[in-house]
Amino acid sequence: MFIATLIAADRLEAADISSALDKLSDAGCGPRGVETLDEDKASDLFFDADPAAARAALEGAFDRVDVVVQPAEGREKALIVADMDSTMITVECIDELADYAGIKAQIAEVTEAAMRGELDFAEALDARVALLKGLGADAIDRCLAERVRLMPGARTLVQTMKARGATAILVSGGFTRFAEPVGAQIGFDRVIANELLIVGDALTGAVAKPIVDSSTKEVTLLGALTELGLDASATLAVGDGANDLAMIRKAGLGVAYHAKPIVAAAAGARIDHGDLTALLYAQGIARSAWVE
């Protein structure tokens, strides 16, 4: 048995559900029924076969409605491994930090290319950090206070999963000076990120090695599986950039969140419209059970 969860950013209409059932039937998926998760917001559609056909039939078919297709068994996850920048927070920290050095546009262009998978992540990070050489370290605290904001739904997602026994790991290609306070605020059990090197009161233009990159994220997820004694099907990985693809592909539910095209095309699920609480609906957790 499989489930297609329809999650509306605005309002889920009865006509949308009826149309979705028809689309599942036309695709040969054998629709079996509907259960409402939250009235006018999210519903589960059960069906018998061919999840790939179901996803093809339903994704993008309804205005501002995300669709997550997955097996019914094991949909609630015991581990979440998440990216930080543009996933758990609304900004790319290195771009915002660069603004304090007056070079945001220059660095943001490289960041965008790296997240699209057009540049080697580690090389691109080294090149961008080098441009920050001499920036006062106090800019980090200013940037954290003035620019960094949690993504809507981030804390609710993590706190709800943890309350139900899950483990939460934040693994970021960004920097510890941002990731550690962000991880603490959201409630992650563990935080892994890059360390900006500082001498005196200024950035040296270098980052500690080895760099936290795509392979680090994958190894973190696989290591947590072994440590916790979990099967890969019990995991959720979420991110937006090309350096998140490896962990997204290894997770039981790999989610592209408002992601770059290369990630959206490869992920097992994509959230294009809703906030991070969509991932609670995807696990069958109704709003009444959320930890706000």
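Remember, predicted model here, so these are calculated numbers, not experimental data.

S.K.: Sorry if this is basic, but what is going on with the pairing of strand β11 (residues 253–257) here?
M.R.: As a general feature of sheets, a regular strand has side chains that alternate between the two faces. Where burial is concerned, most of β11 is hidden: five out of the five residues are buried. Note: strand β10 (residues 235–239) against β11, four bridges, orientation parallel. Looking across to β11, one finds that alanine 237 is bridged to glycine 254. The β-α-β motif built from β10, the intervening helix α10 (residues 245–250) and the parallel element β11 has right-handed crossover chirality. Two strands pair when backbone bridges link them, and β11 and strand β12 (residues 269–271) are joined in this way by three bridges, in the parallel orientation.

S.K.: How should the layout of surface pockets be read in this particular structure?
M.R.: Sizing a probe to match a water molecule and rolling it over the atoms shows the empty space that remains. Looking at the largest pocket, its volume works out to about 180 Å³. Looking at the largest pocket, it is lined by 16 residues, and the ones nearest its centre are Val69, Gln70, Gly252, Leu253 and Gly268. Elements supplying a minimum of two residues to the lining of the largest pocket: α2 (51–58), β4 (65–71), α10 and β11. Here the lining of the largest pocket takes three residues from β4, the largest share from any one element. Residues belonging to the lining of the largest pocket are distributed by class as follows: 10 nonpolar, four polar and two charged.

S.K.: I'm lost on helix α3 (residues 93–100) in this one. Help?
M.R.: Where burial is concerned, most of α3 is hidden: seven out of the eight residues are buried. For α3, the set of buried residues is Cys93, Ile94, Asp95, Glu96, Leu97, Ala98 and Tyr100. Within two residues after α3, glycine 102 carries a phi angle of roughly 75 degrees, on the positive side.

S.K.: What is the right way to look at the pattern of salt bridges in this model?
M.R.: Pairs may arise between side chains of opposite charge once their charged atoms sit close together. Under the counting rule described, the total for this entry stands at 22 salt bridges. Arginine 177 serves as the salt-bridge partner of aspartate 141, at 3.4 Å between the closest nitrogen and oxygen. Of this pair, aspartate 141 sits in helix α6 (residues 138–146) while arginine 177 sits in helix α8 (residues 176–186); the two residues are 36 residues apart in sequence, bridging distant segments of the chain. Note on arginine 177: relative accessible area 31%, which makes it partly exposed. Two residues, lysine 260 and aspartate 240, come together in a salt bridge whose shortest N-O distance is 3.5 Å. Of this pair, lysine 260 sits in the loop between β11 and α11 (261–266) while aspartate 240 sits in the loop between β10 and α10, and the two are 20 residues apart along the sequence. Members of the salt-bridge network, linked through shared partners, are Glu96, Asp99, Lys104 and Arg147.

Conventions and cut-offs
- Residues numbered from 1 in each chain as written.
- Predicted model: local features only at pLDDT ≥ 70, side-chain atom pairs only at ≥ 80, totals over all residues.
- Heavy atoms only, no water.
- Buried < 20%, exposed > 50% of the residue type's maximum accessible area, 1.4 Å probe, protein only.
- Helix = DSSP H or I, 4+ residues; strand = E, 2+ residues; numbered from the N terminus.
- Pairing = 2+ DSSP bridges.
- Right-handed = clockwise from strand over helix to strand, strands pointing away.
- 1 Å grid on protein atoms, 1.4 Å probe; cavity = no way out; pocket = protein on both sides within 12 Å on 5 of 7 lines; lining within 4 Å.
- Points joined across faces, edges and corners; volume = space filled by probe spheres on them.
- Nonpolar A, V, L, I, M, F, W, Y, C, P; charged D, E, K, R; others polar.
- Salt bridge = Lys/Arg side-chain N within 4 Å of Asp/Glu carboxyl O.

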